[in-house]
Structure formats: C-alpha cells, structure tokens
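Commentary on secondary and tertiary structure
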Amino acid sequence: MLKIKVKKGHDINIAGVASRDLLATQKNTTVSLSPENFRYIKPKLLVKENDSVKLGDPIFFDKLSPEVKWPAIASGKISKIIYGERRSIKEIVFSIDNSVESNNDIKNQEPFLSSRDDVINFLLEKNMWPFITQRPFNKVANPSDTPKSIIVSLANTAPLSIDYDFTLSSNKDEIISALINLKKMTQGKLFVAINPGEFDYLSNIDFIELVEVQGPHPAGNIGIILNHIDPINSNDIVWTVQGHHLPILGRLFSHGIFDPSITINLAGPAVTNPGYFQSRIGASLETYCKGNLSNEKVRVISGDVLTGKQSGIDGYLGFYHSSISVIEESFDRSFMGWLHPGGSSKYSVFNAYIGSNKSPYNFTTLQNGSHRAFVPIEAWENVFPMDIYINALLRSIEANDFDEMEQLGIYECDEEDVALCSFICPSKTDVGGIIRKGLDTVYFD
Amino acid sequence: MNFLKKILAQSGKLFEEGKPLSFAYPLWEATDTILFSTNTQNKSGPHIRDNMDIKRTMFFVVIALIPCYLFGAYNIGYLHSSTTAVSSSILSDFIFGMTYVLPILITTFIAGAICEIGFAMIRKHEINEGFLVSCALIPLTMPPDIPLWQLFIGTCFGIIIGKEIFGGVGTNVFNPALTARAFMYFAFPTKISGDKVWALVPDGYSGATALSIPANPTIDMIAELAKNEQAINATNLFSLNSMSFDFSTSNLFWGLIPGSIGETNKLLILLGAIFLIYCGIASWRIMVASVLGLISTAGLFNLLADYSTNAMLTITPLEHILIGSFLFGTVFMASEPVTSTHTNKGRWIYGFMIGVLTVIIRSINPAYPEGVMLAILIMNMFAPLIDYYVVKGNIKMRISRNA
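Residues numbered from 1 in each chain as written. Chains lettered and ligands numbered in written order. Predicted model: local features only at pLDDT ≥ 70, side-chain atom pairs only at ≥ 80, totals over all residues. Heavy atoms only, no water.

1. Let's talk about empty space enclosed by the protein
All names here are of chain B. Basically, it comes down to this: A pocket here means an open set of points on a 1 Å grid, computed over the protein atoms alone, that has protein on both sides within 12 Å along at least five of seven lines. A cavity is instead a set of points where a 1.4 Å probe fits but cannot get out; residues with an atom within 4 Å of a point line either one. Grid points are joined across faces, edges and corners, and a volume is the space filled by probe spheres set on the points. Helix and strand labels come from DSSP, where a helix needs a run of H or I of at least four residues and a strand needs a run of E of at least two; each type is numbered from the N terminus. An automatic or database domain assignment provides the domain bounds reported here. Residue polarity follows a fixed list, in which Ala, Val, Leu, Ile, Met, Phe, Trp, Tyr, Cys and Pro are nonpolar, Asp, Glu, Lys and Arg are charged, and the others, Gly among them, are polar.
Summed over the entire model, instances satisfying the criterion amount to three cavities of 30 Å³ or more. For the largest cavity, the calculated volume is near 270 Å³. Around the largest cavity, the lining comprises 23 residues; the ones closest to its centre are M58, V61, V133, E336 and P337. Elements supplying a minimum of two residues to the lining of the largest cavity: α3 (54-84), α5 (130-140) and α16 (326-334). No other element matches α5, which puts four residues into the lining of the largest cavity. Two domains share the lining of the largest cavity, each providing at least three of its residues, namely domain 2 (54-192) and domain 3 (215-257 + 265-394). Its boundaries defined by the atoms lining it, the second largest cavity holds a volume of some 80 Å³. Lining the second largest cavity are 13 residues; nearest its centre among them are T141, L178, R181, S325 and V372. Of all the elements in the fold, those that place two or more residues in the lining of the second largest cavity are α7 (176-187), α16 and α18 (371-402). Tallied by class, residues from the lining of the second largest cavity come to six nonpolar, four polar and three charged.

Right, here's the structure in full:
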C-alpha cells in the first residue's frame, strides 16, 4: 500500500455538512443529460423530442469519435431538448416512465470479458463509455488510447462532497466487480485512493494498488494523488472513473444491466436539513431542494462549492456530480468591511481576523473584495500540493507560451486542483479559469 | 448607513459610461468600495471566497508601519530636546516630531494619490491600494527636515517610474518606495545623505549616524583610541561617540539615535515583521535569509578586518543588523511580494543576497554607508533571473522524469 501525506491545503470549515443519514424523498419524474458536461465533444443526436427510449439506449454520439455514444439515463420519453447558442445542445430532458423502467430489472448473465478489448468493446456497445474519463484535460477517454494507469479516488476531500465510506458502504461486490474489469483495461497499475481506515476489504485485493491519502483538501483529488505517485508526463494518459460510478459499472459488468442510481447529498449553509438521498444520474435538483432551503435567494450548485456548476433550482445534477450544494446569494455591503476586526462573521485562511474560522461558516456568493492584479504573497503555494510552480505556469498561460506550459506541468493540473488557490487569492484571481484556458490551448494545438 | 449608501448609489450614476464624470469613475469606485465592501459575486467556481482581499492586505502593511511612525515622531522630538537641553516631556517631544512627520506624510500621500488616481483614470482601471503602502513607506525612509518639494518630486518619480510605467501594481520591477528614495538620494544628496540631516540638532553638534562613524572616523577619534591603546574598531568608535549620541548596542536597538524617521526602533520593526508574517502577508523566508546573508558576510569581513585599515570591516554582525535601516528595509521593502522573487527557493536566494550586498556596499564603499536600499534595488532587478533559474530547475526535473 502506498501512503501519501499531503501537508499543503485547507479544509474549508463550511456550514451545512450533510449528516450521515439517508433522507426520504419523492421519486424523480424527470432527469436530464447535458452534453455540456462533456468537454471537447461534438454531439450529434440520435433521438428526437417525444421519442420513447429505454435505459441505456444511445441518445447521441460524438462526431469526433463516433464509436462513443451516450446512454439514455432513464426509460420513458424524451420530453424536451433544450438548445443553446448556435444550436448547441444544452439539455436532453427525459420524463421517466416507471413501468418501463422496472421491466429493465431482468438480470442478464454475467458477460464474459477476458481481455482489454473485450471490456472496452462491451462498454462501447452498452453506450457506457462516457463513464471512463481521462487525465490530462478531464474529458471522456478515447477508447483507442492506451492508458499508463487507471485511478479511482474514494477519498473525497472537497468541501461538502459525499462521504464514500457512507454512500458506498453496501456496494462491496459491485465495487470489486467494477475494479476487476477496470484492471483489465490497463497494462499498468490500477490505483485506488482511500482515506485511512476506510474500505478495509480493498486491502485484500492484490490486483489493485491501494493509496492511502492523508491531509487537507485537495489531497483526495486525482490530480494531486497522481502528482505524488505517478506523475503525468507529456503524452501520458491516465483513465479514471468517479467513485460513485463504481457501483453502476459493477452492476453492468456482473449483471449486464444499466442502473443509474447513485447516492447523493444535499448540503450547504442554505440547506435546512442537509443529508443524503437515494438518487440517480442527472436527477432534477428541485426534488431534493424543495422545502429544504432556508432562504429564497440562493445559488443551487450541482457539484461542490469550489468546482460545481451553478444550475438554479430548476436545473439538473451534472453527469459526473454527486452532490448538490446550496449557498445564500448575498448582496450585503458591510460598512468598511476591509477594516473588520473579525469574529464569527468572517472566514479567512490568513490569520487576518481575530477569532474567526472557529465555527462552521455561512459562506455566501460574495466575492469579498474586488478583483486586482495578482500580488504574489505566499498564498497559492500553501494550498497547492504539487511540485509545480503554479505562478510561473499561470504566467506562461497568459503569455500563450505553449512550450513552457507543457514544461511547467499543465498536463498534471485540472481546475479542481487549483480551486483552493482561487478561493484564498486576495486578488480574487480565477486560477481555475486560467488553467482551463491553458488546457484548452494545449488541447486544440 | 442607508443614507450614505443611497448617496453613493445616486452619485454613482454620474460616473457611468457616457456621463460627464465618467473619466473619474475610478475615484468614485474607490470611495464606494472603501466605505462599503463590494458586493461583487463569484461568477463561476469557486462559488465561495476567502474574506481576505487586497484592500485588507495593503491596509495591514500600513498598520504594521504605524508604530514606526509614532516612535519616529517621538525620536525627532527627543533628539532635538536632548541636544538643545530644553525641558520636555514625552508628549511635547512627540508633538514636536509630529510637526515634521505630518507634513511629510501628507505631501507623500498627495503626490502618490495624484499619480495613482491619474493613471487609473487614463488606463480606466480601478485604483490599486498598493500605492497606500508605497506612500506609507516613503516618509519613513526620509530625514525629518526633507524639503517637501523634493519629497513631492521623489514620490511622483517612485510611483510613476517605479510602478506605473511597468503597468502598475503586480507588474512593476522595482519597489516604488525605494525607487523614490534612490532618486532623491542621487538627485538631492545634500538633504538626504551625510551626517547633518538625520536629526534636528543645533549647528555645530556632531550629528553623525552610526554608519558614518566607522566609515569616516575622525582624526580626533583615532588619536583618542591610540592614546588609550585601543584597537580602531567599530565598537570602540561607537563608544567614543557617546559624547554626542548613545550608540551602545542596546540603544541601537531601542532607537533613540539619528536616522530616517522609521528605521531607528528595531523592536517596533520586529513587531511589524511578526505581525506581517503571522497574518501570512510578508515572506518570512526573505527576512530570515537576508539576516543570514548579512550575518555570514559580516562574520567573514570580521575575520578579514585584521588585514585592512577599513574600520567598517570590524562591525560585528549584531551591530550590522542594528545600525542603519537594514532591518526596516528587510522587513518592509525586501519582502514586498511583487518585486521580490515569486518562488520559495528564489525567496531564500533573493533574501540572502540582499544581506550579502548590504554588507558589501556598506563596508567596501564607504561613500554609500546605507547599503540596504541599493542592495534591495539591485536584487529587485535580479529577482526575475533568480526565478527563471528556479523554474528552469523544475522544468529540468520534469524533463528528466519524462526520459
């Protein structure tokens, strides 16, 4: 077992952490699949509005690699297809037909998958390939690539993210089945990252390389773990699967069925009763938020508060997301806020307020300051646990210096890895946005 | 408060794009956000942000400087009253000093504000709070009776040439406050160098600074030492000078000595350093490294002192730390984040070299007894080069990993 101890970073003490309780909720009636959740694809629809579909049917494919198709995430009808600018597809909304969906439960034989090609072809045939993503670029993997390793992180450190130890506690067989087949896809190692003391049974599995991660966020991020154990060099590709998708893949590999259910959480300072819910991919956020928010003016985020996407209460859970975070939308302007002595109304990683950070903090959407030119006080370095000079990397991105971006390790970074840098930056720089700009530049070059 | 908010909101309309006052928008924006924190929203991820912002960061540096101002004012009064033998109290000394410090402070801020606001209007960006720090630093590096017109020109030079022409805070190469001081040092040498300007003392009174004593020991002093069969070294020279000012090690620390306004009391500077480091604003690496650089070089020079007649080589490392504005420069100028190195390894090198260069300039070239200003400016210039090689090292590591 590998052990990583990350020192740099920060666990944000945010209010509204979900208690480890599975709360009852209504059933979803609509779900949505948004092609916008997938980077660098050119979707071409295979269905029209009002078509009837069954779970796992192909919905659209990527014109750039036509073998990759996206599955219907519900049985029922395509109730709406929402287009954005220049007819880009924003959302494909399904209305769920429960009678059809329950028929899907017929258990098939366990598919016989012996080789790497078998597993890849099986996933492609079943339209399940989008579950496999890759680093660098954090996009859907290319089936013809050969990954040097595969990594799964079961150690969530992001604020308000789901606790895998709780949500996956009853999925042992499915997880093992998924891991067995993931391992077949690579000649290299299959890394599984866990928090110390969790997922005991994984330590007996000899084909995986267990990585015990200790430390504050972003220690559990795939990018950070890879940087410590198996850094991505140029031309390297590492595949990855979201932890909460393991049971879905497990069911697929062992029974041949696609069951999109996942356990998600609803958390954040503006949630009355934060907790966990039995849910499904692309679920409608309103189902969980309705009547459970403490405030009218809120920002509902699909994903965590650092990297999630603002969806609005009528939005849907992103394909790769497993949590809903809700924070208050505040437009408060405190009198001479920059002079404020501190106390419980402030939160800062800097020791610049007296008596702050003690209790869970009610974060709002306030930027808490104006955007300024970057002043490089030692801030980013303290929350970015990679051997990358983030400051120099950002400058090379702004200068559009392609070679230097590569040399400084852009391939190892992703927005989520630098989210804390943006969080603490006194100049309010959007570090993640700049990293994404750099990744886009490199990708399209 | 709501009334004030309303006035601001109403008046803000006059400054909008296309309105007659739109050229002065940065001024309105600054007033608005100084009075009430901005309610700018986080657009995309991260959806939450730390409460620290540049306003507070810069303001904290100014806070760290306030004790130096207060003591500086008192010191001016104290040196004046003690040398003129007028009866005085702490308060009267302080008030006397303030009559010198306040005009300097006000002049600097007026000059700085004109430059910063002017450039913000021309370039149409928000006013950057960085100029507050520069303007708070400049007076502390000045002698008490600097002519205000010289100060005004110097400040404008520092802010414009040291900062604005490079693109403002964040992209400047040289520390604006030090640029201002260096400009004045070379442009108006009679008022900002030599022995006479650092304390308000009567004519004829020996007003030397600690640095100038070993640099240019007088013939009387050398004769005095020879008479008592004492070695010609800095410590002995300092003690000889006790007739005019007390240059004992403890008083060098407590700071009742001639010098520029903010540099003399080392305790307050150290407290400022601790405050800035604790808050995570200034780099402790730079400060520690520069002290190490100074100690090692001064130690080396002490060993070489026997082979030279230069009394500057005999100054012990501790005296080097305490005399002149080394500590002030290290804590408040060298650690300025933009013009120093931007990598942690680089910060060690940068700081160390400042310490080394300070001693070299002080000792080898007695014409410039105050070396720290030049040392920092020189290292400002080399900071990008140091970073370049540190980053190159990282690139090499990545390439070798790839191979």
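2. Points about the sheet that holds strand β3 (residues 30-33) of chain A
Paired through backbone hydrogen bonds, the strands of a sheet run either parallel or antiparallel to each other. All names here are of chain A. Inclusion rule: Pairing between strands is defined by DSSP: at least two bridges between them are needed.
Sheet architecture is open: four strands sit in the order β3-β9-β8-β5, paired in antiparallel fashion. Edge strands, defined here as strands with exactly one partner in the open sheet, are β3 and β5 (52-53). Across four bridges, the pairing between β3 and strand β9 (residues 89-96) is antiparallel. Bridge assignment links S32 to a residue of β9, and that residue is V93.

3. Focus on the domain arrangement of chain A
All names here are of chain A. Just so we agree on the cut-off: Residue contacts are defined here by distance: any two heavy atoms, one from each residue, within 4.5 Å place the two residues in contact. The quantity reported as buried area is the accessible area (1.4 Å probe) lost by two parts once they are put together, taken as the sum for both. A carboxyl oxygen of Asp or Glu within 4 Å of a side-chain nitrogen of Lys or Arg is what we treat as a salt bridge.
By domain assignment, chain A separates into domain 1 (2-255) and domain 2 (367-444). Its C-alpha centre places domain 1 at a distance of 26 Å from the equivalent point of domain 2. In this assembly, 23 residues from domain 1 lie in contact with 21 residues from domain 2. In this assembly, domain 1 packs against domain 2 so that about 2000 Å² is buried in total across both faces, 60% of it on carbon and sulfur atoms. It is Y40, F137 and N227 in domain 1 that bury the most area against domain 2; as a group they hold 30% of the surface buried on that side. Our count for the domain 1 to domain 2 interface comes out at four salt bridges.

4. Describing the layout of surface pockets
One simple way to see leftover space: roll a probe sized like a water molecule over the atoms. Roughly 870 Å³ of internal volume is contained in the second largest pocket. Along the walls of the second largest pocket sit 36 residues, with F374, N391 and R395 of chain A together with G170 and H342 of chain B positioned nearest its centre. For the lining of the second largest pocket, the elements supplying multiple residues, two or more each, are α8 (390-398) and α9 (402-407) of chain A together with α18 of chain B. A per-element tally of the lining of the second largest pocket places α18 of chain B first, with eight residues. For the lining of the second largest pocket, the residue count by class is 16 nonpolar, 13 polar and seven charged.

5. Notes on the interface of chain B and chain A
Counting residues at the interface gives 61 residues for chain B, matched by 76 residues for chain A. Here chain B packs against chain A, burying approximately 6000 Å² in sum over the two surfaces, 49% of which is carbon and sulfur. Our enumeration of links across chain B and chain A arrives at ten salt bridges. As a salt-bridge pair, E378 of chain A and R285 of chain B come within 2.2 Å of each other at their nearest N and O atoms.

6. Here's the deal with the domain arrangement of chain B
Residue and element names in this part refer to chain B. Quick reminder of the rule: Two N or O atoms form a polar contact when they lie within 3.5 Å of each other; inside protein one atom must be a possible hydrogen donor and the other a possible acceptor, and for residues adjacent in sequence the pair counts only when both atoms belong to side chains.
The assigned domain composition of chain B is domain 1 (2-35), domain 2 (54-192) and domain 3 (215-257 + 265-394). The interface of domain 1 with domain 2 comprises eight residues on the first partner and seven residues on the second. Regarding the contact of domain 1 and domain 2, the summed buried area is about 620 Å², with carbon and sulfur atoms giving 72% of it. Summed over the shared surface of domain 1 and domain 2, the result is one residue pair in polar contact (both at pLDDT 80 or more). Taken together, the residues of the side of domain 1 that touches domain 2 break down into six nonpolar, one polar and one charged.

7. Considerations on a nonpolar patch on the surface
All names here are of chain B. Let me state the cut-off plainly: Patches here: salt-bridge-free residues with over 30% relative accessible area, like charges joined within 9 Å, nonpolar side chains (Val, Leu, Ile, Met, Phe, Trp, Tyr) joined within 5 Å. Accessibility throughout is a Shrake-Rupley quantity obtained with a 1.4 Å probe, and a residue counts as covered only by protein chains that appear here. The buried label goes to any residue with under 20% of its type's maximum accessible area, the exposed label to any with over 50%, and the partly exposed label to all in between, with areas taken from a 1.4 Å probe on protein chains only.
Taken together, I277, W284, V288, L292, W348, I349, F352 and M353 make up a surface patch of nonpolar side chains, about 640 Å² in accessible area. Where the nonpolar patch is concerned, the elements lending two or more residues are α14 (284-304) and α17 (344-364). Ranked by residue count, the leading element in the nonpolar patch is α17, at four residues. Its place among the elements puts L292 in helix α14. Take L292: its relative accessible area is 43%, and that puts it in the partly exposed class.

8. Here's the deal with the packing of aromatic side chains
Let me state the cut-off plainly: Centres within 6.5 Å are what make two rings of Phe, Tyr or Trp a pair, Trp counting through its six-membered ring; a difference in plane orientation under 30 degrees is then read as stacked, over 60 as edge-to-face, and the rest as tilted. For a Lys NZ or an Arg CZ to count as sitting over a ring, it must be within 6 Å of the ring centre and within 35 degrees of the ring normal.
Enumeration according to the criterion identifies 40 aromatic pairs over all chains in this entry. Look at F374 of chain A and W380 of chain A: their rings are 4.0 Å apart centre to centre, the planes differ by 15°, and that puts the pair in the stacked class. A relative accessible area of 2% means that W380 of chain A is categorised as buried. Considering the side-chain rings of F253 of chain B and W254 of chain B, the 5.1 Å spacing of their centres and the 85° angle between planes classify their relative orientation as edge-to-face. Note on F253 of chain B: relative accessible area 21%, which makes it partly exposed. By relative accessible area, which is 44% here, W254 of chain B ends up partly exposed. Taken together, the ring pairs in this structure connect F38, F60, W70, F131, F258, F319 and Y320 of chain A into an aromatic cluster. In this arrangement the basic side chain of R87 of chain A is found over the ring face of Y83 of chain A, its NZ or CZ atom lying 4.1 Å from the centre.

9. Structural notes on the pairing of β9 of chain A
Residue and element names in this part refer to chain A. Across the eight residues of β9, six count as buried, placing the element largely inside the fold. Pairing of strand β8 (residues 76-83) with β9, which is carried by seven bridges, proceeds in the antiparallel orientation. Bridge pairing in β9 links Y83 to I89. Counting the residues in the hairpin turn of β8 and β9 gives five residues, including R86, whose phi is positive at 50°.

10. Concerning the side chain of T133 of chain A
Examined against the element boundaries, T133 of chain A turns out to sit in strand β10 (residues 133-135). Those residues in contact with T133 of chain A that lie beyond four places of it in its chain are K139, V140, A141, V238, W239, T240 and Y320 of chain A.

11. What to know about the packing of helix α6 (residues 148-162) of chain B against α7 of chain B
Residues and elements named next belong to chain B. What counts is decided by this rule: Helix axes are fitted only over the stretch in contact, all axes being lines through C-alpha atoms; the angle between N-to-C directions runs from 0 to 180 degrees. Angle categories: roughly parallel below 35 degrees, roughly antiparallel above 145, roughly perpendicular from 65 to 115, and oblique for all the rest. Handedness of a crossing follows from how the near helix is turned relative to the far one, being left-handed for an anticlockwise turn of less than a right angle and right-handed for a clockwise one.
At a minimum axis distance of 7 Å, the contact between α6 and α7 shows a crossing angle of 130°. In terms of axis orientation, α6 runs oblique to α7. Two packed elements cross with a definite hand, and for α6 against α7 that hand is right-handed. For the pair formed by α6 and α7, the contact residues are Q150, L151, I153, G154, T155, F157, G158 and G162 on the first element and P176, T179, A180, F183 and M184 on the second. When its residues are assigned to classes, the contact of α6 with α7 shows seven nonpolar, six polar and no charged.

12. As for the pattern of salt bridges
Residues and elements named next belong to chain A. Summed over all chains, the structure comprises 29 salt bridges over all chains. Taking the shortest distance from any N to any O, the salt bridge between R20 and D165 comes out at 3.6 Å. Residue R20 is found in the loop between β1 (2-5) and β2 (22-23), and its partner D165 is found in helix α3 (residues 164-167); the two are separated by 145 residues along the sequence. Note on D165: relative accessible area 25%, which makes it partly exposed. Two residues, E209 and K189, come together in a salt bridge whose shortest N-O distance is 3.8 Å. With E209 in strand β14 (residues 209-214) and K189 in strand β13 (residues 189-194), the pair connects residues that are 20 residues apart, well separated along the chain.

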